[in-house]
Amino acid sequence: MCDMSTTTTYTSHTACAEEFMQIKTLSTMPPSPTSPLAADTNAAAASATYFDFRAAQRVPESHAWTGLHEHEKDAAPVVNDDDAVPVVDMRDGDAAAADAAARAAEEWGGFLLVGHGVDGEVLERAEAQAARLFALPAPEKARAARTPATAYPKRMWAEGYTFTPAAVRDEFRRVWPDAGDDYHRFCSAMEDYDAAMRSLGERLLAVFFKALDLAGDGETERKIRDTLTSTIHLNMYPKCPDPERAVGLAAHTDSGFFTFILQSPVPGLQLLRRRPDRWVTVPGTPGALIVVVGDLFHVLTNGRFHSVLHRAIVNRESDRISMPYFLGPPANMKVAPLMSAGCLGRNKAVYRAVTWPEYMVIRDKLFGTSVSALTMIHVTEEASEES
Ligand SMILES: O=C(O)CCC(=O)C(=O)O
Ligand SMILES: [Fe+2]
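Residues numbered from 1 in each chain as written. Chains lettered and ligands numbered in written order. Predicted model: local features only at pLDDT ≥ 70, side-chain atom pairs only at ≥ 80, totals over all residues. Heavy atoms only, no water.

This brings us to the overall build of the protein chain. Within the protein chain, the secondary structure is distributed over eleven helices and 13 strands. Looking at the protein chain as a whole, 57% of its 387 residues are labelled buried. Considering only contacts within the protein chain whose residues lie at least 6 apart along the sequence, 83% involve residues at least 24 apart. As presented, the protein chain carries roughly 15700 Å² of accessible surface, and 52% of it is formed by carbon and sulfur atoms. (Helix = DSSP H or I, 4+ residues; strand = E, 2+ residues; numbered from the N terminus. Buried < 20%, exposed > 50% of the residue type's maximum accessible area, 1.4 Å probe, protein only. Contact = heavy atoms within 4.5 Å. Areas by Shrake-Rupley, 256 points an atom, 1.4 Å probe, with all protein chains shown as cover.)

Laid out in structure tokens, this is it:
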């Protein structure tokens, strides 16, 4: 539990009110893969539950999902119509990038980020090292692997790791106890990836603040920027003999502020586009990073930026690796709508202040239902009038 006496709030929050449009949740939200707070990397458990995807000739019942492809657009990446995933180019200049980011975060909750200036060599090395890790023999790589989420009725077609960047050297000594060259190469690639993503996160935060017309509020921005916490996922979705029956990662929203996803050129990430609801595949764009808005950013922006349901599908031909980098607040920080966030016509905060751990408790309780945890911290008009 967190000590409320040390809890601080980003802003005071008076309200912005307008009915929050509840996202139609198609599936449940995972308690663990998207939460830095619930990562279980228990070595014995991971080894005991290891499933050998490479040997699988078919998708067993334990991994067979139904109702996965119930939407109009499940097919190939869409590149040139209304369902083309928006692109934000940081080379376009602050104002244009902020405009594009605002539109994308409002309408989609995610976008492709290009012109971000991150050294391609850092990204390639991180990806190559992740691929080397996944190529290790099962007993070795399983020692630091995440255990499959048991809350789901079925297992996903994926394996992976969850760690905070500061813990990478401790965590991966379990895979490489001799701390030899492979270990050092891996760790330094992850540390460089962390440094690059953190600094990009700080730059994107400035773009978002401009997008929200908050560029003048340097103090709040600084407070958020200086306390950002981060978590890395390494996800591997092996090629699958029957991709229609399997899911790489079930539909969920990320719980923190925002996520950068480095994906190999093999596409697989889908964003839920709303009204009418349909899944849109994000194209595998070399050099681009995918940005996904999370629930606590949805709260911070009073629902103006939209936390997007997303999922990963698998395919028959190729393995796919993704490396999400999650940014969020520290555990003791209360997150509340920013008072002046140009709240889409709202003049009241529609969410109450929560810390990340408090929010995760609510999310976990709702797991398996179709109710979004955001609705549980939604403030009714009466309640906000009283406060
Ligand atoms: O693999 C992907 O592209 C998505 C991963 C993801 O959404 C997550 O780890 O939360
Ligand atoms: Fe996610």
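Read on for the rest.
As a matter of local geometry, ligand 1 sits amid 14 residues, with His233, Tyr237, His310, Arg320 and Ser322 nearest to it. Within the side chain of His252, one N or O atom sits 3.1 Å away from an oxygen atom of ligand 1. Interatomic distance of 3.0 Å between a side-chain N/O atom of His310 and an oxygen atom of ligand 1. Looking at the shell around ligand 1, the elements that each hand over two or more residues are strand S5 (229-237), strand S6 (249-252) and strand S12 (320-328). (Near = heavy atom within 4 Å. Polar contact = N/O pair within 3.5 Å; in protein donor to acceptor, adjacent residues only side chain to side chain.)

Cis geometry marks the peptide bond from Arg275 to Pro276, where omega comes out at -5 degrees. Inspection of the secondary structure puts Pro276 in the loop between strand S8 (269-273) and strand S9 (278-281). Residue Ala179 is not a glycine yet carries a positive backbone phi of 50 degrees. If you trace the backbone, Ala179 turns up in the loop between helix H5 (168-173) and helix H6 (181-211). The phi angle at Arg275 is positive, at roughly 50 degrees, despite the residue not being glycine. Locating Arg275 in the fold gives a position in the loop between S8 and S9. A relative accessible area of 55% places Arg275 in the exposed class.

How two helices sit against one another is set out by the angle between their axes and by the gap between those axes. In the contact formed by H6 and helix H7 (residues 218-227), the axes pass within 10 Å of each other and the chain directions differ by 155 degrees. Compared by their axis directions, H6 and H7 come out roughly antiparallel. Handedness of the crossing formed by H6 with H7: right-handed. Residues Arg198, Glu202, Leu205, Ala206 and Phe209 of H6 lie in contact with H7, whose contacting residues are Thr220, Glu221, Ile224 and Arg225. (Axes fitted to C-alpha atoms, helices over the stretch in contact; angles between N-to-C directions. Parallel < 35°, antiparallel > 145°, perpendicular 65-115°, else oblique. Left-handed = near helix turned anticlockwise from the far one by under 90°.)

With that settled, consider the UniProt feature "domain: Fe2OG dioxygenase" (unreviewed entry) in the protein chain. Residues annotated in UniProt with the feature "domain: Fe2OG dioxygenase" (unreviewed entry) correspond here to residues 227-329. Taken end to end, residues 227-329 comprises 7% helix and 44% strand; its first and last C-alpha atoms sit 6 Å apart. (UniProt positions renumbered as here; feature names shortened; annotations may be inferred.)

The next subject is the environment of Leu309. The topology assignment puts Leu309 in the loop between helix H8 (295-300) and strand S11 (310-312). Note on Leu309: relative accessible area 3%, which makes it buried. For Leu309 and Val293, which are 16 residues apart along the polypeptide, the C-alpha to C-alpha distance reads 9.4 Å.

Moving on to H7. Residues Thr220, Glu221 and Ile224 constitute the buried set of H7. Taken down its axis, H7 places every buried residue within 100 degrees of arc, on the same side. Opposite its buried face, H7 presents the exposed residues Glu219 and Asp226, each directed more than 90 degrees away. On the buried face of H7, the contacting elements are H6 and H8. (Arc of directions from axis to C-beta.)

Further remarks concern the pattern of salt bridges. Within the structure shown, the criterion is met by 19 salt bridges. Between Arg54 and Asp319 there is a salt bridge, with its nearest N and O atoms 3.0 Å apart. Of the two residues, Arg54 sits in the loop between helix H1 (43-48) and strand S2 (87-89) while Asp319 sits in the loop between S11 and S12, which places them 265 residues apart along the sequence. Note on Asp319: relative accessible area 28%, which makes it partly exposed. (Salt bridge = Lys/Arg side-chain N within 4 Å of Asp/Glu carboxyl O.)

In space, the four strands of this open sheet follow the order S6-S11-S8-S9, with antiparallel pairing throughout. Bordering the open sheet on either side are S6 and S9, each of which pairs with just one other strand. Ignoring strand direction, the axes of neighbouring strands in this sheet form an average angle of 25 degrees. In terms of strand pairing, S6 meets S11 through two bridges, oriented antiparallel. From the neighbouring strand, Leu249 faces S11, where its bridge partner is Ala312. (Pairing = 2+ DSSP bridges.)

Before going further, it helps to spend a moment on the nonpolar core. Ranked by size, the top nonpolar core spans 78 residues in total, and within it Phe172, Met197, Phe208, Leu234 and Phe260 carry the most contacts. Those residues in contact with Phe260 that sit more than four places away from it in its chain are Leu113, Met197, Leu200, Gly201, Leu204, Ile290, Val291, Met323, Pro324, Tyr325 and Leu327. (Core = buried A, V, L, I, M, F, W, Y, C linked by side-chain atoms within 4.5 Å.)

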